[in-house]
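If you want the building blocks of each chain, they are given just below.
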Amino acid sequence: MNLATVILAAGKGTRMKSKLPKVLHKICGDTMISHVINAVAAAGVKKTIVVVGHGADRVTSEVAGRAQVALQEEQLGTAHALMQAAPYLSGFQGEILVLCGDTPLIEASTLLDLYHSHTEAGSDATVLTATVADPAGYGRVVRNDRGDLVKIVEQKDAAPEEKQIREINTGIYCFAAAGLFEALNRLAPNNAQGEYYLTDILEMYISEGRRVGAVRLDDPIEIMGINDRVQLAEAEKHMRGRILNELMLSGVTIIDPLSTFVDKQVRVGRDTVIYPFTFIEGDTIIGEDCVIGPNTRLINSVVGNGVSIQNSLVTESCMGDLCSIGPFAYLRPGTELARGVKVGNFSEIKKSTIGEGSKVPHLSYVGDATIGRNVNIGAGTITCNYDGHNKWPTRIGDGAFIGSNTNLVAPVNIGAGAVTGAGSTITKDVPAGALGVERAKQKNVLNWADREKDK
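Sequence positions are assigned chain by chain, starting from 1 and proceeding in written order. Local features in this predicted model are restricted to residues of pLDDT 70 or higher, and side-chain atom pairs are both shown and tallied only at a pLDDT of 80 or more, whereas totals for entire chains, interfaces and linings draw on every residue. Here the side-chain values reflect all heavy atoms present in the structure, with hydrogen atoms and water set aside.

Moving on to the overall build of the protein. Strands are runs of DSSP state E lasting at least 2 residues, helices are runs of H or I lasting at least 4, and numbering of each runs from the N terminus. A count of helical and extended segments in the protein gives eight helices and 41 strands. Whereas a compact globule of 455 residues would reach a radius of gyration of roughly 23 Å, the protein reaches 31 Å, over 25% beyond that. Overall, the C-alpha framework of the protein stretches about 110 × 50 × 40 Å when taken along its three principal axes. In this scheme, a residue with accessible area under 20% of its type's maximum is buried, one over 50% is exposed, and one in between is partly exposed, where area comes from a 1.4 Å probe on protein chains only. Counting over 455 residues, the protein shows a buried share of 49%. Throughout, a contact is declared for two residues whenever any of their heavy atoms are within 4.5 Å. Put simply, of all contacts in the protein between residues at least 6 apart along the chain, 40% involve residues at least 24 apart. Accessible surface, the protein as shown: approximately 21,400 Å² in total, 50% of it carbon and sulfur. In this tally Asp and Glu are treated as negative and Lys and Arg as positive; neither His nor the chain ends contributes. Where a charge sits is defined by one atom per residue type, namely NZ (Lys), CZ (Arg), CG (Asp) or CD (Glu). Here the protein contributes 45 positively and 51 negatively charged side chains, and the mean placements of these two sets differ by 8 Å. The reference for a compact globule is 2.2 Å times residues^0.38; the radius of gyration itself is calculated from the C-alpha atoms. Using a 1.4 Å probe, accessible areas were evaluated by the Shrake-Rupley method; residue-level cover was limited to the displayed protein chains.

Given below as structure tokens:
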């Protein structure tokens, strides 16, 4: 398959009312332009050119390493945009797919169907069309009595009877590279907008007796363009539905798809159950037999098998098999939990490694710490890791027991099997097997309550 792709992504997207270029707005965790590039790559295309204009530097950064970039300094229409890719396709002999960067729902299978229909018919150009309930704003597909394509007329140039046509141009084309750019150079902006339309090349080809095809798409939702935030949310809903359906068909239980939000890159193992109001984002990987949620957010994290996470926030962390997280726990970036670790309610872990079978059951903060196996961290324990200028480490050996309301003032080491007394502020190392206690001597004032009452 000798196929290249040009993605048109130069528009400003005024109706988005945003400082961000339109194609960089995200849907299910990835930018619109990335979804299009991924669909093209999944179709087997090896050479991709993205035509940029508004916000060129930011769009170029987004597609770096995945596509070449052509600059359209002045936006003069779709045909003008395609002409900017000519230097990158010099000498290319094959077919060229052209599509827009704001159609993130397009599927690789649709692009392949278009390509195969185009090549099997031996066409010079083929346009992907769709029949929609409301064609307003789209170019209309005009056919003759035999059903052959006659022309595509833009909304602003359409006669009243043409505006009644519901078959529309999706803006996705397949062209034979041979002679394409020479033909583009012969176009003139004979329209209300004074722009160079790609649709004009189809009309030119037809007038010259060259073969032009039109392939109708079954599901028009794939070519939904995004021009404002309302359409952005609508596209997100459709993509999210696809993602959740794929997960459920692969063996994942999702209690309520309408209140569950999963990004496209996420991977989830069989027999995992996801409860409502759960957000799973980025490159998160979840193993089998887990229970996730409700009211949980996971971001760029790795979750082992048989893990339970309830009512918690987890970001850039790794959890081994059979861990239990929450409710109301907060795992911050750099957290690594070994097998069977428990992090309970209102506990926060940051940039720490916790060994197998250890527990931080409740109301504790653990930061910049290395904790061994089978350690128990009592309620209210704090690792005092920051002195106002630097972060310092805490190390706790296997089998240690940290009493409730202990302050561990880092840098400090607690040896294997050591114990700290409840309420202690530990500023010095505690040797293995030792008891570390730091408390003022208790004083009892007898009959104090009666004397206060007499006052």
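Relative to the helices and strands, R66 is located in the loop between α2 (56-63) and β5 (68-71). The spacing of R66 and G137 is 71 residues in sequence and 31 Å in space, taken between C-alpha atoms. Those residues within four positions of R66 in sequence are excluded, and the remaining contacts are S34, I37, N38 and T48.

What follows concerns the sheet that holds strand β35 (residues 394-396). Only strands that DSSP links by at least two bridges are regarded as paired with each other. Sheet architecture is open: nine strands sit in the order β14-β17-β20-β23-β26-β29-β32-β35-β38, paired in parallel fashion. Of all strands in the sheet, those bounded by a partner on one side alone are β14 (267-268) and β38 (412-414). When β14 meets strand β17 (residues 285-286), the two strands line up parallel, connected through two bridges. Counterpart to V268 in the pairing with β17 is I286.

We now examine the pairing of strand β7 (residues 125-131). With six of seven residues buried, β7 is to be regarded as a mostly interior element. Bridge count between β7 and strand β10 (residues 167-176): seven bridges; the pairing is antiparallel. Within β10, the residue paired with A125 across the bridge is F175. Direction of pairing for β7 relative to strand β11 (residues 212-216): parallel, over a ladder of five bridges. For T126, the partnering residue across the bridge sits in β11 and is G213.

The next thing to look at is the state of the cysteines. Only a pair of cysteine sulfur atoms within 2.5 Å qualifies as a disulfide here. Considering all chains together, one arrives at zero disulfides under this definition. In this structure C290 is not part of a disulfide, and its nearest cysteine sulfur, from C323, lies 9.7 Å away. With relative accessibility at 1%, the residue C290 sits in the buried group.

Here we come to the nonpolar core. Residues enter a nonpolar core if they are buried and are Ala, Val, Leu, Ile, Met, Phe, Trp, Tyr or Cys, with the set joined through side-chain atoms within 4.5 Å. One finds I309, M319, I325, L337, I396 and I414 to be the most contacted residues of the largest nonpolar core, which totals 53 residues. Within the residue set of this core, elements represented by two or more residues are α7 (229-249), β32 (369-371) and β38. Counting residues per element, this core draws most heavily on α7, at six residues. With near-sequence residues (within four places) excluded, I396 lies in contact with T370, I371, G372, V375, I377, I402, L408 and I414.

Our next topic: the side chain of D263. Structurally, the position occupied by D263 is in the loop between β13 (260-262) and β14. Buried and unpaired, D263 has no salt bridge, with K26 as the nearest side chain of opposite charge at 7.5 Å. In the analysis that follows, any N or O atom pair within 3.5 Å is treated as a polar contact, provided that within protein one partner can donate a hydrogen and the other can accept it, and provided that, for residues neighboring in sequence, both atoms belong to side chains. A polar contact is formed between the side chain of D263 and the backbone nitrogen of G282, at a distance of 2.9 Å. Discounting residues that sit within four places of it in the chain, D263 has contacts with C28, G29, I243, I280, E281 and G282. Note on definitions: salt bridges are taken to be side-chain nitrogens of Lys or Arg within 4 Å of carboxyl oxygens of Asp or Glu.

We now examine the packing of aromatic side chains. Each Phe, Tyr or Trp ring (for Trp, its six-membered ring) is paired with any other whose centre lies within 6.5 Å, and the angle between the two planes then decides the class: stacked below 30 degrees, edge-to-face above 60, tilted in between. A full pass over the atoms with the stated rule returns three aromatic pairs. On the basis of an interplanar angle of 25° and a centroid distance of 5.6 Å, the ring pair of Y173 and F175 is categorised as stacked. Just as Y173 is buried, F175 falls in that class too. Relative to F346, the ring of F328 lies with its centre 5.2 Å away and its plane at 15°, an arrangement referred to as stacked.

Moving on, we get to the pattern of salt bridges. Applying the stated rule across the entire model yields 16 salt bridges. K22 is the partner of D102 in a salt bridge, and the nearest nitrogen-oxygen pair spans 2.8 Å. In this pair, D102 is assigned in the loop between β6 (95-100) and α4 (108-121) and K22 in the loop between β1 (3-9) and β2 (26-27), connecting sequence segments 80 residues apart. As a salt-bridge pair, D148 and R146 come within 3.2 Å of each other at their nearest N and O atoms. Looking at R146, the relative accessible area reads 68%, which means it is exposed. A network of salt bridges, in which partner residues are shared, links R143, E167 and R216.

Glancing now at the pairing of strand β27 (residues 342-345). Judged from the two bridges that link them, strand β24 (residues 324-325) and β27 form a sheet pairing that is parallel. Across the sheet, the residue bridging to I325 is V343, located in β27. Relative to strand β30 (residues 359-362), β27 runs parallel, the two sharing three bridges. Paired with K342 across the strands is K359, a residue of β30.

Each patch is built from residues that are more than 30% exposed by relative accessible area and take part in no salt bridge. Like charges join if they lie within 9 Å; nonpolar side chains (Val, Leu, Ile, Met, Phe, Trp, Tyr) join within 5 Å. Together, F401, V419, L435 and V437 line one region of the surface with nonpolar side chains, adding up to about 350 Å² of accessible area. Mapped onto the elements of the fold, L435 is located in strand β41 (residues 435-436). Exposure remark for L435: the relative accessible area of 58% places this residue in the exposed category.

Here R140 is to be found in strand β8 (residues 140-143). Despite being buried, R140 has no salt bridge partner; D134 is the closest side chain of opposite charge, sitting 6.3 Å away. A distance of 2.6 Å separates a polar atom in the side chain of R140 from a polar atom in the side chain of Q155. Engagement of the side chain of R140 in a polar contact is seen with the backbone oxygen of K163, the distance being 3.1 Å. Setting aside chain neighbours within four positions, we find R140 in contact with P135, K151, I152, V153, Q155, E162, K163, I165, E167 and I168.

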